[in-house]
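Topology and contacts: notes
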Amino acid sequence: MGEDGDGARLMDKARQAGDPVYAEAVRLFVAEECEHARLLGRLLEAAGAATISGHWTDAAFVRLRRLLGLRTELMVLMLAEVVALGYYRAVRDGVRDLLAAEVAGRILADELRHVPFHRDRLRRSFLRSSRLSRVIASALWWSLLAGVLAVVSLDHGDALCRAGVSRTAFAREVAGYFRGVVAEVMTR
Ligand SMILES: [Fe+2]
Ligand SMILES: [Fe+2]
């Protein structure tokens, strides 16, 4: 299924935010995510495996993001970005297949830029929020991450274990990345 998400709508929201430089950066971000989908598709092809046309987690992720404004959509997107940091790191360092490790390393290099890109935008958008709304947003954000980590553990736990990362270690690693992001977005 890859990462071919819902880029057009995100680009619309970015355009409506009225900052052409930001809108262009979002267009490039979406293009990078499409490139990840292409690389992953080719990787599966090289392994003789088929891509799938849909998965409930993707459908849920896209539907949730459609309901939201730009800021909330970026918060949901950030969950995927921090999971990607842990996941591609595990594949890059833990699989013996050189092609898979190479693809994971390339994707990881992009994801390492995506996280600060969304983080900086989110930080700006929370600057004028009250302390209470930042506390509430942080709590909701963390509970969403917990749900996402549970789903990823169920759905990809075996693959992660084969890459040498237990479910617990994976959750701990991703929570560590996320903690840094939340602190930088929500702290004045
Ligand atoms: Fe990606
Ligand atoms: Fe990304």
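One structure accompanies this document, and this report is about it.

Definitions and limits used
- Numbering of residues begins from 1 in every chain and follows the order in which that chain's sequence is written.
- Ligands are numbered from 1 and chains lettered from A, in the order in which they are written.
- Per-residue local features of the predicted model are confined to residues with pLDDT of at least 70, and side-chain atom pairs are confined, for both listing and counting, to 80 or more; whole-chain, interface and lining totals are unaffected and use all residues.
- Values reported for side chains reflect all heavy atoms of the structure, with hydrogen atoms and water molecules removed beforehand.
- Note: metal donors comprise N, O and S atoms at 2.8 Å or less from the metal (3.2 Å for Na, K and Ca); water molecules are not included, so apparent gaps in a site are possible.
- A run of H or I in DSSP becomes a helix once it reaches four residues, and a run of E becomes a strand once it reaches two; helices and strands are each numbered from the N terminus.
- Relative accessibility decides the category of a residue: with a 1.4 Å probe and only protein chains considered, values under 20% of the type maximum give buried, values over 50% give exposed, and everything between is partly exposed.
- Each pair of aromatic rings taken from Phe, Tyr and Trp, with Trp reduced to its six-membered ring, is defined by centres within 6.5 Å and is described as stacked if the planes are under 30 degrees apart, edge-to-face if over 60, and tilted in the remaining cases.

1. Section: the coordination of the iron ion (ligand 2)
Summarising the metal site, the iron ion (ligand 2) is bound by the protein donors E33 (OE), E81 (OE), E81 (OE), E111 (OE) and H114 (ND1), whose distances to it range over 1.9 to 2.7 Å. As a motif over one chain, the donors of the iron ion (ligand 2) read E-x47-E-x29-E-x2-H. The metal-metal distance between the iron ion (ligand 2) and the iron ion (ligand 1) is 3.5 Å, with E33 coordinating both. Of the two residues, E111 and H114 both sit in helix α5 (residues 98–126), three residues apart, roughly one turn of that helix. The buried category is assigned to E111, whose relative accessible area is 1%. Note on H114: relative accessible area 3%, which makes it buried.

2. Section: the environment of E102
Here E102 is to be found in helix α5. For E102, a relative accessible area of 41% corresponds to the partly exposed category. In sequence terms E102 and A47 are 55 residues apart; their C-alpha atoms lie 14 Å from each other.

3. Concerning the packing of aromatic side chains
Counted under the stated rule, the structure contains six aromatic pairs. Relative to F117, the ring of Y22 has its centre 5.7 Å away and its plane inclined at 35 degrees; by these criteria the two rings are tilted. Remark: F117 occurs in helix α5 and Y22 occurs in helix α2 (residues 20–46); sequence separation between them is 95 residues. Under the relative-accessibility criterion, Y22 is labelled buried at 7%. Centre to centre, the rings of W142 and F178 are 4.8 Å apart; their planes meet at 85 degrees, and the pair counts as edge-to-face. Placement of W142 in helix α6 (residues 131–162) and of F178 in helix α7 (residues 167–186) is noted, with a sequence separation of 36 residues between them. W142 sits in the partly exposed class, given a relative accessible area of 29%.

Nothing here speaks to function; it is all geometry.
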